[in-house]
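Here is what each chain is made of, one letter per residue.
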Amino acid sequence: MKIVILGAGSFGTALANQLALNAKNNITLLLRNKKAEFEINSNNVNSNYFANRILSPRISATTNKKILNDADILFIAIPTNQIPNVIGDLRNNLSQKCLVVNMAKGLLPSGETVVERIKCELIHSNTVTMKGASFSAEMMNSVPTLFTIGFERRKQLDIMLKVLEGTNIFLDYTNDIRGVELLSALKNIYAIALGNMDAQFNSLNTRFLILTKVIDEIKTIMRSMGGLDETIFLSCGIGDIALTGLSDLSRNRTLGLLIGKGFYNQSLLYNSVVLEGINTLNILDKSLSGTIKSKLPLFNYVNTLLVNPNNESSEFDFQKVFSRNYKTVLTYGTFDLLHFGHLELLRRVRNLGDKIIVGLSTDDFNIIKQKDCIMPYEKRKHLLEVLRYVDLVIPEESWDQKINDVKNYDVDLFVMGDDWKGKFDFLKDYCEVLYLPRTEGISTTKIKTILNDK
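The shown structure was predicted, so the numbers you read here are calculated from the model rather than taken from an experiment.

### Overview of the pattern of salt bridges
Here's step 1: Inspection of every chain in the model, using the stated rule, returns 26 salt bridges.
Here's step 2: The shortest N-O distance in the salt bridge between R178 and E116 comes to 2.7 Å. Here E116 lies in helix α4 (residues 114–122) and R178 lies in helix α7 (residues 177–201), a separation of 62 residues in the sequence.
Here's step 3: Residue E116 is classed as partly exposed on the basis of its relative accessible area of 29%.
Here's step 4: Salt-bridge contacts for R253 lead to D198; the nearest nitrogen and oxygen are separated by 2.7 Å.

Below you can see the structure in the form of structure tokens.
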């Protein structure tokens, strides 16, 4: 395998040294510094990052971007903020057969993940992501390290497993590429919170109270932004969250400690770690809805810490954080020919509560409503039950059952599409009522019309 690692910083160098343990790998560091290129090729040393370590003689370095033309695998190991500057170089030199492995952590200012930008700008679908609980110094010392690879095709995973043979890098894996990318940004924000809490309380009970809350908030954000819950339990998730949030080698945790001990000052605003944290917070602050942010007290707390750390409002209120009530949400519908509009509605409903109940029109009730339904009740019910957005499906058998359903299931919030606006306001005597906008451009009626035309 002809492997190119873009970036010869501490991480890229440590990765190269690990990959060099596999004699079948041909490894080249692609960098910009001519002095570092000469030093690596002549003395097997990268003194800017590992002054006292001799690198594997099987590692070479170059500043010539044309090496990308023949690369089988390209590892991107540069800071995320440099990605927009190098995309053009990749576009001009990268072979379409090359497997691109993104290891840059974080989100771009547009809110895109790095993988999304690569696929869009390079029109290069052969792209995966690889993130995990890893410090460069420990990788250089060849300690066992676990990464998560997010991939689409089995062949991509097989290539990565082959490349890592004989190294001390191990893999767990998922098809949730977006989730892996999101977690690499989220863990930095919450590492600041964990460091800050440790500085203030120095308590194991409190530390793991906050860690538990961190996982809960990250799950909420992941759901709202298109990641999968289960990805949190991989190395890119709980592994990297714990490594970054609980280890004093972590820059983001250290930032939280400094703020908690009162050593934060304006000069830190120009620190790259602070800037990274503020930029990520700003990106997510724009992406997340007000409803979601209302469920994220730790996220909002870190935002306050970085923007105005000396303000009294930056004090952490445990009572407020853990006073959120359990919320049951109820909605009704026919859900015939389950489509994207239905899924989008249910996704938004999921974000509004803890337990989601769907009242599904029975076949007999559809006759009363004079509604022609293609799929029978049992099939529609089964489709809804397998969705991760839905916790319980109940039969809707009459117009008059809604008050009883709200009472019997302890419903806190009743939700319907805004084409029903005002028609269920009588339920406001029993619970909160909300009407959500329908997804534009799609409906069951429209799908049936298209099918009939064919």
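Read on for the rest.
### Here's the deal with the sheet that holds strand β4 (residues 73–76)
The strands that make up a sheet pair up through hydrogen bonds in the backbone, lying either parallel or antiparallel.
Here's step 1: An order of β3-β2-β1-β4-β5-β6-β7-β8 is seen for the eight strands of this open sheet, with the pairing classed as mixed. Strands with a single pairing partner mark the edges of an open sheet, and in this sheet they are β3 (59–62) and β8 (169–174). Across the sheet, the axes of successive neighbouring strands diverge by a mean angle of 25 degrees, strand direction being ignored.
Here's step 2: Two strands pair when backbone bridges link them, and strand β1 (residues 2–6) and β4 are joined in this way by four bridges, in the parallel orientation. Looking at β4, one finds that L6 is bridged to I76.
Here's step 3: The sheet contacts of α4 involve β4, β5 (99–102) and β6 (127–132), and relative to β6 the element is tilted by about 165 degrees.

### With respect to the sheet that holds strand β10 (residues 355–361)
Here's step 1: The strand order across the open sheet formed by five strands is β11-β10-β9-β12-β13, and the pairing between neighbours is parallel. Two strands close off the open sheet at either side, each with one partner strand: β11 (392–396) and β13 (432–436). Strand-to-strand, the axes of this sheet are offset by a mean angle of 25 degrees, without reference to chain direction.
Here's step 2: Of the strand pairs in this sheet, strand β12 (residues 413–417) and β13 are connected by five bridges, and their pairing is parallel. Note on β13: the bridge partner recorded for M416 is Y435.
Here's step 3: Packing of helix α15 (residues 340–350) onto the sheet brings it into contact with β9 (328–333), β10, β12 and β13, and relative to β10 it is tilted by some 145 degrees.

Conventions we followed
Counting starts from 1 at the beginning of each chain's written sequence and moves along it residue by residue. With the structure being a predicted model, the display of local features is reserved for residues of pLDDT at least 70 and the display and counting of side-chain atom pairs for 80 or more, all residues being used for whole-chain, interface and lining totals. Computation of side-chain values covers all heavy atoms of the structure but excludes hydrogens and water. In the sections that follow, a salt bridge refers to a side-chain nitrogen of Lys or Arg positioned within 4 Å of a carboxyl oxygen of Asp or Glu. Helix and strand labels come from DSSP, where a helix needs a run of H or I of at least four residues and a strand needs a run of E of at least two; each type is numbered from the N terminus. Exposure categories follow from relative accessible area, calculated using a 1.4 Å probe and restricted to protein chains: below 20% of the type maximum is buried, above 50% is exposed, and the middle band is partly exposed. Paired strands, as defined in this entry, are two strands with at least two bridges between them according to DSSP. An axis is simply a line fitted to the C-alpha atoms; with a helix, the fit covers only the stretch in contact. Between two such axes, the angle follows the N-to-C directions and lies from 0 to 180 degrees. Should any heavy atoms of two residues lie within 4.5 Å, those residues are considered in contact.

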